[in-house]
Each structure stands twice: as C-alpha cells, then as structure tokens.
Amino acid sequence: MGNHVVIFEARGGSDKGQYGYRNDSMPIVKSLLKQSWTAEIIFYEDEYRGEIYKYAVENATAYISRINPGNLEDETGYFQMLRELVSHGVEGLPHPDAMTAYGAKNALTKLTETELVPDDTYAYYDFEEFKDQFRKNLLNGVRVLKQNRGSTGEGIWRVELIGDVKPTENGHAPNDAMVRCTEAKDNHVEERELGDFIDFCAQYLGGRNGMIVDMPFMPRIVEGEIRVLMLRRTPVYVVHKKPAQTKDAFSATLYSGAEYTYQKPEEWPELMAKVEQNLDLMIDKLGGYAIPLLWTADFMLDDGPDGTDTYVLGEINASCVGFTTHLELADQVANEVVGFIEAEDIVNKRWPAYRV
Ligand SMILES: Nc1ncnc2c1ncn2[C@@H]1O[C@H](COP(=O)(O)OP(=O)(O)O)[C@@H](O)[C@H]1O
Ligand SMILES: [Mg+2]
C-alpha cells in the first residue's frame, strides 16, 4: 500500500469553497500528490463513524484533523474515533488529546514554568476556589477571565475594580465592590457588583471541560495581538491583530473591529527566538505529544525588567488552523507531513524497517 492521507472536515459553515471543502484543504491534497502520495477529504459525521473508521484504518497512513470541535454537537465520538485510529497505527495529525492539551485555555497554567506565561495565572474548576482566589487577584490589578469555549471573545472578560476598595479581613475584594467588566466579543462594558458578576461566571464552570482561566490584563494589547502560525516547529507567518481604536477596546477579534496585518516571522525576531527557546519545554509541559501539524500561538507585548519588550502567551489553537490567506504554504505543509511520517516509519511498529 502506498502512503495515503485522509483529511477530516465537517460539513457546513460559511467559509467553505468548492464541494464544501475548506479552501486550504484541496491544496494540501494536490501537494501530497506531487510527492507521489495520495490523499482525500472526508466529511466526518457521527452517523457514519463506523464506516469512516473502517475505511480510514484500512487505507490511511495518516489523518489530518481539520474540524473545529465547536462545529460538532459533541466531539466525544469524533475524538474517540481518532484515538482508535492512532492506536491502530494511523498517524494522528494531531492526536485528539494533543488538540485538547494545546487548545484548552488551561494550557496557560501548564506553561507558567516557561517564560511565556505570568506566574499569577490560574485555572479554576470549582466555584469556591474561583471565588476565593479571583477576589484576591483583583486587589492586585486588572484581570482577564476566560471561559474554555469558542474563539470569538465570548465569555472573555476584562475585570477591574472601580474606585478605592477596602479589602475584607480575608484579603478579598468585597462582594459589594463595583467592577467594570468588558467582554472581548464586542468590547461592551458592564458595571456591576463583584458578587453578582462572580455568580454570573458560574456558568463557565459547568459542563464537560468547564473551567475559568484568570490571568493579568496586558495593557499593551492595544498595540496588537501577535498570532504566530506554526507548521510543526517552524513559524511560517504572523498575523498582527490590532484592536479597534476606541476607548474600551482590547479585543483582537474581527467582529469587534480589530484590524489584521499579515507579516513575516522575521519582523518579530525576539519573539521567534523566544518561541524556539521554549518549544521543547512547551511540548513537554503540554503532555509530550507529537507537535501538531498546524497550530497558532497568540502573544501580547509586555514590559520586560530593563525596559525591553517581553511577550506573554494568551492562547493556543491546534484543532482547525487554516492558511487560506497563504495557500502557497501547501507544498511546505505536504513536505512536513511526508518528512514526519517517513521519519516515524523507521521505527513504526506497523511497517517495521527490518525484522529480526
Ligand atoms: N491577558 C490579556 N490581556 C489583554 N487582553 C487579552 C488578554 N487575554 C485575552 N485578551 C484579549 O481578548 C481576546 C480574546 O481572548 P482569547 O484568549 O483569544 O479568547 P478566544 O478563545 O475567544 O479567542 C484576545 O484576542 C485579546 O485581544
Ligand atoms: Mg483568541
């Protein structure tokens, strides 16, 4: 059997091209064909999970997962299928658990030992824990709370205390203190009592993978969020996302009016050096999975100790990264797939290089 790659996509969505495929998937297929590999795109649906699994396990050397888990009603079945494929020797690009480990908001708290994440970053899974620590943190400065779903800025709140607040005996901001809350979805502001706002956030702790991440607010976000698009270990381009130039704006989403500029990684040499220096530790801290094929890391500028710039990681995405604005990358993506799998084949139990 020659090498064959299946690309999993979800049907629907407004960003799809011919035949309902993502615009950057067919270019990967064509580039793999140039390397004398074969490839195809398969729409995943829970209803056909059994058939899709059987087909892929019998025919594919590797899969590339290009589904936003948010597009599936429930990703459990899809992830389980991917896990089974990997355990039956199909190379996972990426492994489903790697998608979760990189993409979940609590990736940040796993990375506090790298230089990329501030020490006072917390993840809460329990309401009482959230209520206790968050009210302490607020006394030290402006915070950003993040729910674990979506990528639209919804449930991402900048929170600051209004006026002078006297701490309680326990070192908490009191429940009746007023807070100013700005949501990244549309930069709208709400002023409310802290206790009410905390109760409102309880919804983010519910359900599977419910959590809230609490990190310091980075005021230099107004200079832009710096998204680095990574092809495994290689930064390939940067999207510089400047929030709208209005008073309260801190969001880098298009919907909120941010402006995007595409740049070369060389325009951010210090950041690229930082990414490179921290990459192995990062892979290790996030569970040691093979690094995803395509992923993004979003950074914000901060002031270093001696007046230099430092960079703070705000989020990673590893489940459905696209490169439609840079289709010329397709050959490089295909090269990376081929190179990675050929290297794996040397030790792969399914196709031993030699037998003793
Ligand atoms: N610590 C922070 N300081 C300042 N702005 C932030 C911070 N974290 C997030 N933001 C802003 O909020 C936006 C949404 O947060 P993000 O973590 O990217 O969530 P989402 O999953 O919704 O994209 C970011 O694009 C950025 O503009
Ligand atoms: Mg984001």
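How each quantity is defined
Residues numbered from 1 in each chain as written. Chains lettered and ligands numbered in written order. Predicted model: local features only at pLDDT ≥ 70, side-chain atom pairs only at ≥ 80, totals over all residues. Heavy atoms only, no water. Buried < 20%, exposed > 50% of the residue type's maximum accessible area, 1.4 Å probe, protein only. Helix = DSSP H or I, 4+ residues; strand = E, 2+ residues; numbered from the N terminus. Arc of directions from axis to C-beta. Domains from an automatic or database assignment. Contact = heavy atoms within 4.5 Å. Buried area = accessible area lost by both parts, 1.4 Å probe. Salt bridge = Lys/Arg side-chain N within 4 Å of Asp/Glu carboxyl O. Polar contact = N/O pair within 3.5 Å; in protein donor to acceptor, adjacent residues only side chain to side chain. Pairing = 2+ DSSP bridges. Axes fitted to C-alpha atoms, helices over the stretch in contact; angles between N-to-C directions. Parallel < 35°, antiparallel > 145°, perpendicular 65-115°, else oblique. Nonpolar A, V, L, I, M, F, W, Y, C, P; charged D, E, K, R; others polar.

**Student:** Account for helix α1 (residues 26–34), naming residues and giving values.
**Tutor:** Listed in full, the buried residues belonging to α1 are I28, V29, S31 and L32. Relative to the axis of α1, the buried residues are bounded by an arc of 165 degrees and lie together on one face. Relative to its buried face, α1 has exposed residues pointing more than 90 degrees away, namely K30 and K34.

**Student:** Give a description of the domain arrangement of the chain that names residues and reports values.
**Tutor:** Split by domain assignment, the chain resolves into domain 1 (4–94 + 327–345), domain 2 (102–117 + 220–325) and domain 3 (122–218). Spacing between the C-alpha centres of domain 2 and domain 3 amounts to 23 Å. The partner domain 3 presents 25 residues to the 21 residues of domain 2 that form the contact. For the pair domain 2 and domain 3, the summed buried area comes to about 1800 Å², and 63% of that belongs to carbon and sulfur atoms. Of all residues in domain 2, the largest losses of buried area upon contact with domain 3 belong to K105, D248 and F250, amounting jointly to 38% of the total for that side. The interface formed by domain 2 and domain 3 holds one salt bridge in total. A salt bridge links R180 to D248; the shortest N-O distance between them is 3.0 Å. For the pair domain 2 and domain 3, the interface holds ten residue pairs in polar contact (both at pLDDT 80 or more). Only α5 (107–110), β14 (294–303) and β15 (309–317) provide two or more residues apiece to the side of domain 2 that touches domain 3.

**Student:** So what's going on with the side chain of R227? Which residues, and what values?
**Tutor:** Among the structural elements, R227 can be located in strand β11 (residues 225–231). Residues within four places of R227 in sequence aside, it is in contact with Y237, V238, V239, K241, T296, A297, D298 and E315.

**Student:** Provide a residue-level description of helix α2 (residues 49–59), including the pertinent values.
**Tutor:** Looking at α2, one finds that the buried residues are I52, A56 and V57. Along the axis of α2, the buried residues cluster in a sector spanning 120 degrees; they form a single face. Opposite the buried face of α2, at more than 90 degrees from it, the exposed residues are G50 and E51. The secondary structure elements touched by the buried residues of α2 are β1 (4–9), β2 (38–43) and α3 (76–87).

**Student:** Tell me about the pairing of strand β9 (residues 189–193), and name the residues and values.
**Tutor:** Pairing between strand β8 (residues 178–183) and β9: five bridges, direction antiparallel. Residue pairing for β9: C181 is matched across the bridge by E190. The turn linking β8 back onto β9 is made up of five residues, and N187 within it adopts a positive phi angle of 60 degrees.

**Student:** Account for the packing of α3 against helix α4 (residues 96–103), with residues named and values stated.
**Tutor:** The interhelical angle for the contact between α3 and α4, taken along N-to-C directions, is 125 degrees, at an axis separation of 8 Å. Between α3 and α4, the angle falls in the class oblique. Across the interface between the two elements, F79, L82 and R83 from α3 touch P96, D97, M99 and T100 from α4. Taken together, the residues that form the contact of α3 with α4 break down as four nonpolar, one polar and two charged.

**Student:** Requested: an account of the pattern of salt bridges, with residues and values cited.
**Tutor:** Evaluation of the coordinates by the stated rule reveals 25 salt bridges. Through salt bridges with shared partners, a single ionic network connects E160, R180, E191, K247 and D248.

**Student:** Please give an account of the sheet that holds strand β13 (residues 259–263) that cites residues and values.
**Tutor:** The five strands are arranged β13-β12-β11-β14-β15 in an open sheet whose pairing can be described as antiparallel. Strands at the two margins of the open sheet, each flanked by one partner only, are β13 and β15. Across this sheet, the average inter-strand angle for adjacent strands is 30 degrees, counted without regard to direction. Pairing of strand β12 (residues 234–242) with β13 involves five bridges; the strand directions are antiparallel. Paired with H240 across the two strands is T261, which belongs to β13. Set on the sheet, helix α8 (residues 269–285) makes contact with β11, β12, β14 and β15; between it and β15 the angle comes to about 55 degrees.

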